[in-house]
Each structure stands twice: as structure tokens, then as C-alpha cells.
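Observations on chain architecture
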Amino acid sequence: MRHPWREPYHAVIEVENRRCRVLGMLHSYGLQQFKLTEVRSSSTGSTIHLVELLPDQIKKIPRERLVKTWEGGRRGGKSFVWFESEGCDVCNTILSHGSFLTAGRNLQDFTIVYSFIAPSFDAYGSIVSELEKNDLKVKVLSVGKFESKREILTEKQEKIFWLALKVGFFDYPRKVDTVELSRRLGISPSTLSEITRRGIRRLLEHYYET
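Everything numeric in this text was worked out from a predicted model, so none of it was measured.

Here we come to the pattern of salt bridges. Considering all chains together, one arrives at nine salt bridges under this definition. Between Glu180 and Arg184 there is a salt bridge whose closest N-O contact spans 3.0 Å. Placement of the pair is Glu180 and Arg184 together in helix α6 (residues 178–185), with a separation of four residues, close to one helical turn. The exposure class of Glu180 is buried, given its relative accessible area of 8%. Looking at Arg184, the relative accessible area reads 14%, which means it is buried. A salt bridge links Glu194 to Arg198; the shortest N-O distance between them is 2.6 Å. Here Glu194 and its partner Arg198 are both found in helix α7 (residues 189–209), four residues apart, which amounts to about one turn of the helix. Relative accessible area serves as the criterion here: at 47%, Arg198 is assigned to the partly exposed category.

On to the side chain of Glu158. By the secondary structure assignment, Glu158 is in helix α5 (residues 155–166). A distance of 3.0 Å separates the side chain of Glu158 from the backbone nitrogen of Lys149, its partner in a polar contact. Among residues more than four places away in sequence, those in contact with Glu158 are Phe146, Ser148, Lys149, Arg150 and Leu153.

Glancing now at the nonpolar core. Within the largest apolar cluster, 37 residues are counted, with the highest numbers of intra-cluster contacts made by Leu26, Val51, Leu53, Phe83, Val90, Tyr114 and Phe116. Listed by contribution, the elements that provide at least two residues to this core are β1 (9–16), α1 (21–28), β2 (35–41), β3 (47–53), β5 (79–85), α3 (89–96), β7 (111–118) and α4 (121–133). Non-local contacts of Val90, meaning those with residues more than four positions away in its chain, are made with Val15, Asn17, Tyr114, Leu131 and Leu136. In terms of nonpolar packing, the next biggest core, distinct from the first, is built from 15 residues, Ile117, Phe169, Leu181 and Ile195 among them.

Right, let's get into the packing of α5 against α7. Where α5 contacts α7, the two axes come as close as 10 Å, and the packing angle between them is 105°. Between α5 and α7, the angle falls in the class roughly perpendicular. Residue-level contacts link Lys156, Gln157, Ile160 and Phe161 of α5 to Leu192, Ile195, Thr196, Arg198, Gly199, Ile200, Arg202 and Leu203 of α7. Considering only residue class, the contact of α5 with α7 consists of six nonpolar, three polar and three charged.

Our focus in this paragraph is the packing of aromatic side chains. Counted under the stated rule, the structure contains six aromatic pairs. Measuring from centroid to centroid gives 5.4 Å for Phe146 and Trp162, while their planes differ by 55°, and the two rings are tilted. A residue pair is termed long-range when its members are at least 10 positions apart, and Phe146 in the loop between β8 (138–145) and α5 and Trp162 in helix α5 qualify at 16 residues. On the basis of relative accessibility, which here comes to 7%, the residue Phe146 falls in the buried class. Here a set of aromatic residues connected by ring pairs shows up, and it is made of Tyr9, Phe121 and Tyr124.

For the rest of this paragraph, the subject is the sheet that holds β1. Strand order in the open sheet formed by four strands is β6-β7-β1-β8, with antiparallel pairing between adjacent strands. Looking at strand neighbours, the two that pair on one side only are β6 (100–108) and β8, the edges of this open sheet. Within this sheet the neighbouring strands show an average axis-to-axis angle of 15°, counted without direction. Strand direction decides the pairing type here: β1 and β7, joined by eight bridges, are antiparallel. Along β7, the bridge assignment pairs Ile13 with Tyr114.

Cut-offs and rules
Residues numbered from 1 in each chain as written. Predicted model: local features only at pLDDT ≥ 70, side-chain atom pairs only at ≥ 80, totals over all residues. Heavy atoms only, no water. Salt bridge = Lys/Arg side-chain N within 4 Å of Asp/Glu carboxyl O. Helix = DSSP H or I, 4+ residues; strand = E, 2+ residues; numbered from the N terminus. Buried < 20%, exposed > 50% of the residue type's maximum accessible area, 1.4 Å probe, protein only. Polar contact = N/O pair within 3.5 Å; in protein donor to acceptor, adjacent residues only side chain to side chain. Contact = heavy atoms within 4.5 Å. Core = buried A, V, L, I, M, F, W, Y, C linked by side-chain atoms within 4.5 Å. Axes fitted to C-alpha atoms, helices over the stretch in contact; angles between N-to-C directions. Parallel < 35°, antiparallel > 145°, perpendicular 65-115°, else oblique. Nonpolar A, V, L, I, M, F, W, Y, C, P; charged D, E, K, R; others polar. Phe/Tyr/Trp six-rings, centres within 6.5 Å; stacked < 30°, edge-to-face > 60°. Pairing = 2+ DSSP bridges.

As C-alpha cells, this is what we get:
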């Protein structure tokens, strides 16, 4: 059986998504001036949106709707708020094909740029096709296949590191933990840890030897 992540792709698409629950909710509270800076999937299967708002705007939102807030400090007095939802047609379509939703941001009104990692070109194509069948206007900004360099790491190690880097495994705080990443890749957490440990050792040995 061919492994689903044998030929992963990284895609960035632009979608006019008036079905986005979080953007619709903010508009319902009379909030028009805001910035959606990130969209990501959570380990529970829901979708989390990071929105940049003014402190006075946050006061208009019921507390139970907020997952987390913090002050922007030097960033123009803005605050940042996490909202969690069941997701819309776009997010759910991307996630239903075993892909990682890695980032998203709105350009204006309901136009959103989504970045995701698909396990194969067929999965990527199915995502775009299903979105268009749902009467969503999709503009493909970029799509690229993982390319192995095979200089220091094995192809498997390269692919795991490439995927881990793209989905935020090495971010602080992590966007994806070991359990979630290993589940998506179809391997055990212990196998993932062993692959990354051996890969890091190869990189360190090459670094210090040169």
C-alpha cells in the first residue's frame, strides 16, 4: 500500500469565503475593522482563528466566545484574540482530505488566503475541486511539491522535517504536537521521535564536522 505522505504538496489558495463562521460572528457584533491573521486546526478537530482587534472592540464580544486574549503591546495598541469554531466549508474540506491547515489570513472583507499541506497532488486537486463544486471562488496562488535533497538526511528524515517545519512543530509554542503530527503521518509517536532524533544527530554531526 502506498504511503499517503509519499509525495506531499504545499499549497496557498485565495478564497472568497462568506461562510466563515468567525468572520460572520464578528460582523454580527458590528465589527468591520479587524484583521484575521491566522487560521489553524486544533488537536480536537476544530478550527482556531487568530484575530487582531482594538481593546474597545473586544468589549463588544461575549466572554464565552473568547478562547484567549492578550495585549499587543508595541504593535499599535492592538490586542489578539483566539476564536474556536466547528469550521466552515473551506476549513472542513481541507481537513477532510488528511491535510494540515497551516495558516490563513484575510485580505479584505471575506477574502481569505489559506495555506495547507496536502499528502499528495490528488488530495490537493480534490480539495480545490470540492471547493469549486460548493460554489466557492478559488484562486491558486502557489503549489509546490516536496523535493528531496538527499545531502545529509535520508529522504524519510527530510520529509518528516519538512512537514514538521511547515505545520509549526518547531514553533514556540508548538502549533502541532508529537501525538497530532504522528497521527496525521500514520506512524506512532515513538517512531516519529526516533526519526527526528536520528535526523537531528545527523545534522549536528555534519555541522560540527564541517
